[in-house]
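Inside the fold
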Amino acid sequence: GAVVSQHPSRVICKSGTSVKIECRSLDFQATTMFWYRQFPKQSLMLMATSNEGSKATYEQGVEKDKFLINHASLTLSTLTVTSAHPEDSSFYICSAFRRQGAQHEQYFGPGTRLTVT
Amino acid sequence: GDSVTQMEGPVTLSEEAFLTINCTYTATGYPSLFWYVQYPGEGLQLLLKATKADDKGSNKGFEATYRKETTSFHLEKGSVQVSDSAVYFCALDNYGQNFVFGPGTRLSVLP
């Protein structure tokens, strides 16, 4: 099956610094990728939709200047958490949308656990 | 908007017990329905899916049937194992837009 990777899998950073998380579709091209956030013992919440070659679409309540998303190629989307604070500590999961004829499916990455100290 | 509701957890069962996790949805049109499993500290794994009414998804002894008349997609397994302990998410995908996840149900299976 299709594979989506995320890097890094875990990252610890200090308050005020920025962290970049990469999401790659390894064996297919994804014009659309999604970024989710998961707080402990909670469900996934969609943060933004990343479209290759255009600006990301952010969900209500998500600060676009804090969570910068770049989808510069058909296999890579990046999420940069700028000026990170402890409340940004969370599990971030990306997914890549694959369309094959009339079929489509989303493939999820393994997630990145961010801890801001 | 679209939404997914799951039974409240945590669910605690003894090994070899029968499992049912209820899931109902609200959506326009005919979404695809999914069950994902998340083991501690890991990402999501697709467990099974169904793309149209009356379809039954099955995998690793788990199964769920897409019931349009009751807008449900309940997850069942006849005999759970300790290794099935995880959080289970029901989700829908409406025409390739973003997924809508349920809140998740934590399952603990005791030996």
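Refer to the structure printed above.
Below is a summary of the structure that appears in this document. (Residues numbered from 1 in each chain as written. Chains lettered and ligands numbered in written order. Predicted model: local features only at pLDDT ≥ 70, side-chain atom pairs only at ≥ 80, totals over all residues. Heavy atoms only, no water.)

Our next topic: the sheet that holds strand S9 (residues 75-77) of chain B. Residue and element names in this part refer to chain B. What the 4 strands build is an open sheet, ordered S3-S9-S8-S7; its pairing is antiparallel. With one partner strand each, in any of the chains shown, strand S3 (19-21) and strand S7 (56-59) form the two edges of the open sheet. Each strand axis lies, on average, 15 degrees off the axis of its neighbour in the sheet, ignoring direction. Of the pairings in the sheet, the one linking strand S8 (residues 62-65) to S9 comprises 3 bridges and is antiparallel in character. By the bridge assignment, glutamate 63 is partnered in S9 with glutamate 76. (Pairing = 2+ DSSP bridges. Helix = DSSP H or I, 4+ residues; strand = E, 2+ residues; numbered from the N terminus. Axes fitted to C-alpha atoms, helices over the stretch in contact; angles between N-to-C directions.)

Inspection of the entire model under this criterion finds 2 disulfides over all chains. A:Cys23 shares a disulfide with A:Cys94; S-S distance 2.0 Å. One disulfide, between A:Cys23 and A:Cys94, carries an S-S torsion of 80 degrees and so falls in the right-handed class. Of the two residues, A:Cys23 sits in strand S3 (residues 19-25) while A:Cys94 sits in strand S9 (residues 90-100), which places them 71 residues apart along the sequence. Look at A:Cys23 and you get buried, because its relative accessible area is 0%. A relative accessible area of 0% places A:Cys94 in the buried class. Covalently, B:Cys23 is tied to B:Cys90 through a disulfide, its sulfur atoms 1.9 Å apart. On the S-S bond that ties B:Cys23 to B:Cys90, the torsion sits near -70 degrees, and the link is left-handed. Residue B:Cys23 is located in strand S4 (residues 23-26), and its partner B:Cys90 is located in strand S10 (residues 86-93); the two are separated by 67 residues in the primary sequence. Distance from the sulfur of A:Cys13, which forms no disulfide, to the nearest cysteine sulfur (A:Cys94) is 18 Å. (Disulfide = S-S within 2.5 Å. Buried < 20%, exposed > 50% of the residue type's maximum accessible area, 1.4 Å probe, protein only.)

By themselves, these figures tell us nothing about what the structure is for.
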